[in-house]
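Report on the structure
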Amino acid sequence: MPSPAANNRILSGVQPTGNLHLGNYLGAIRNWVKLQQNHECFYMLADLHAITVPQDPALLRANVRETAAAYIACGIDPKHSAIFPQSSVSGHSELAWILSCHTPLGWLNRMTQFKEKAGKQKDNAALGLYSYPVLMAADILLYKAGFVPVGEDQKQHLELCRDIAGAFNRQYQTEFFPIPEPLILGEATRVMSLRDGTKKMSKSDESDYSRINLTDDADTIALKFRKAKSDMVEGMSYDETARPEAANLLNIYAVLKNITREQALAECADKNFSAFKQMLTEVAVETLSPITRTMRELIASPDYIDEMLANGVERAKAVADVTMRELKNVIGFLDI
Ligand code: TYM
């Protein structure tokens with residue numbers, strides 16, 4: 001049976017594990033903002049995903065609010081888009097179980113992120129870390145989302161979600177789940193670490209100097225770019241293989257200024273690394289300081305954030321509850 005056409009609905013999320021960084025902003029949240037114009041948007045705080053590794057409860061609570069503040073400060077409009085903690089909508093966990101019964105282990109064994117995160121400690125890793133991509137599929141399919149805007153690193157999880165949706169539809173000979181389209185948009189789908197241009201910028205990197213956090217002030221941004229790894233080549237040029245750090249910083253510069261890579265090179269090809277880093281600092285501070293300021297103001301008003309989240313939960317549940325009711329009927333559960 002052919003899959004139903006993708007619809008206008010968007011679902012995406014960020015793990016509220018602190019250290020939200022420039023990669024999350026440029027690779028994901030900035031695109032979410034643009035998509036609000038002509039889509040129905042659900043932007044969750046992926047707290048169920050966060051507990052796949054140990055979390056401090058007080059810190060997790062603070063990080064959920066801080067991430068919600070970041071969404072708004074970056075331009076997500078809570079009147080238009082539903083912003084909500086994933087754990088407040090029980091359908092996510094419920095659907096994850098149902099989908100886990102329709103996901104062959106072989107598919108999960110292919111997931112590279114589990115291998116990276118569990119490392120050599122595979123036997124000690126939580127089952128949730130392994131089945132995490134099934135929960136992610138549930139997040140998307142619970143809303144029957146047509147599009148999922150993410151950075152490059154989530155591509156494999158999105159492919160798995162499409163496979164799970166297809167397998168479910170085939171088993172029950174239905175078109176219940178639309179097959180979602182990943183939206184990996186723009187030139188910053190993979191922002192790299194400031195300490196190593198071959199590694200992704202990441203919340204979990206031990207070195208805070210590897211990333212620009214959305215909470216960093218101007219002095220910290222300047223310091224981090226000053227300390228960012230550079231090379232001895234004269235002038236700035238774009239070569240991902242030979243000069244990964246230069247390529248990454250040039251890319252960040254171009255994206256922040258909304259110009260092409262060629263235009264960026266025209267501005268700075270004759271600059272040495274330290275002069276270029278100053279130019280980069282200026283544009284980064286210009287973009288990030290209003291975001292950081294608004295985030296601080298919002299974090300100081302937890303009541304406002306909680307009220308906004310409660311509204312998001314209500315809107316998310318209105319959709320999720322319908323999906324779960326219909327789905328139970330498809331599977332053959334009694335509606336009692
Ligand atoms: P998370 O929290 O790791 O990252 C959130 C978003 O930021 C993107 N991203 C990056 N983009 C460019 N360069 C980088 N260095 C970089 N690092 C992160 C990610 O691709 C992502 O879009 N599993 C997800 C959260 C999630 C989700 C979902 C997303 C849970 N359920 C359903 C979409 C749909 C995650 O851990 O993202």
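Note that the coordinates shown come from a computational prediction; the quantities given were computed from them, not determined experimentally. (Residues numbered from 1 in each chain as written. Predicted model: local features only at pLDDT ≥ 70, side-chain atom pairs only at ≥ 80, totals over all residues. Heavy atoms only, no water.)

**Points about the packing of aromatic side chains**
This is how it is decided: Aromatic rings from Phe, Tyr and Trp, with only the six-membered ring used for Trp, were paired whenever their centres fell within 6.5 Å, and each pair was classed as stacked if the ring planes differed by under 30 degrees, edge-to-face if by over 60, and tilted otherwise. By definition, any uninterrupted DSSP run of H or I lasting at least four residues is a helix, any uninterrupted run of E lasting at least two residues is a strand, and each is numbered from the N terminus. The cut-offs for exposure are 20% and 50% of the maximum accessible area for each residue type, with area from a 1.4 Å probe on protein chains only; residues under the lower value are buried, those over the upper are exposed, and the others partly exposed. Put simply, a charge is over a ring when the Lys NZ or the Arg CZ is close to the ring centre, within 6 Å, and near the line of the ring normal, within 35 degrees.
Scanning all chains against the criterion turns up 10 aromatic pairs. Consider the rings of Phe84 and Tyr143, whose centres lie 5.9 Å apart with planes at 50 degrees: the pair is tilted. With Phe84 in strand S3 (residues 82–85) and Tyr143 in the loop between helix H7 (127–142) and strand S4 (147–149), the pair connects residues that are 59 residues apart, well separated along the chain. Across the pair, exposure class does not vary: Phe84 and Tyr143 are buried alike. With 6.5 Å between their ring centres and 50 degrees between their planes, Phe168 and Phe176 make a pair best called tilted. The exposure classification of Phe168 matches that of Phe176, with both residues buried. Taken together, Phe168, Tyr172, Phe176 and Phe177 form an aromatic cluster joined through their ring pairs. Between the NZ or CZ atom of Lys227 and the centre of the ring of Tyr209, over which it lies, the distance is 5.3 Å.

**Some details on the pattern of salt bridges**
Counted only if it meets this: Here, a salt bridge means any side-chain nitrogen of Lys or Arg that lies within 4 Å of a carboxyl oxygen of Asp or Glu.
The final tally for this structure, using the stated rule, is 14 salt bridges. One salt bridge in this structure joins Arg211 and Asp208, with 3.2 Å as the shortest N-O distance. On the basis of relative accessibility, which here comes to 3%, the residue Arg211 falls in the buried class. For Arg243, the salt bridge identified is with Asp231, shortest N-O distance 2.8 Å. Of this pair, Arg243 sits in the loop between helix H9 (218–227) and helix H10 (244–257) while Asp231 sits in the loop between H9 and H10, and the two are 12 residues apart along the sequence. Salt bridges sharing partners connect three or more residues here, namely Asp208, Arg211, Asp216 and Lys224.

**Things to note about the environment of Asn24**
Definition in use: Here, residues are in contact when the closest pair of their heavy atoms is within 4.5 Å.
Positionally, Asn24 belongs in helix H1 (residues 22–35). A C-alpha to C-alpha distance of 9.0 Å links Asn24 and Lys203, two positions 179 residues apart in sequence. Excluding anything up to four places from it in sequence, Asn24 contacts Asn19, Ile29 and Lys203.

**Looking at the pairing of strand S1 (residues 9–14)**
Here is the rule we go by: Any two strands with at least two DSSP-identified bridges between them are counted as paired. Here the term right-handed applies to a crossover when the path leading from its first strand over the helix to its second strand runs clockwise, the strands being oriented away from the viewer.
Within S1, five of the six residues are buried, leaving the element largely enclosed by the surrounding structure. Taken together, the six bridges between S1 and strand S2 (residues 40–45) define a ladder with parallel strand orientation. Its bridge partner lying in S2, Ser12 is registered against Tyr43. Remark: the S1/H1/S2 crossover connection has right-handed handedness.

**Re the nonpolar core**
The nonpolar side chains of a soluble globular protein tend to be buried, and buried together. Worth spelling out the cut-off: Side-chain atoms within 4.5 Å link the members of a nonpolar core, which is a set of buried Ala, Val, Leu, Ile, Met, Phe, Trp, Tyr and Cys residues. Where each domain begins and ends follows an automated or database-derived domain assignment.
Core analysis: the largest hydrophobic core is formed by 60 residues, its most contacted members being Leu26, Ile29, Tyr71 and Leu249. When residues of this core are assigned to their parent elements, the largest contribution, 11 residues, is made by helix H12 (residues 273–299). Here this core spans two domains, and each of domain 1 (6–183 + 301–331) and domain 2 (208–296) adds at least three residues to it. Those residues in contact with Ile29 that sit more than four places away from it in its chain are Val14, Leu20, Asn24, Tyr71, Cys74 and Ile76. Within the second largest apolar cluster, 47 residues are counted, among which are Leu11, Met44, Ala138 and Val313.

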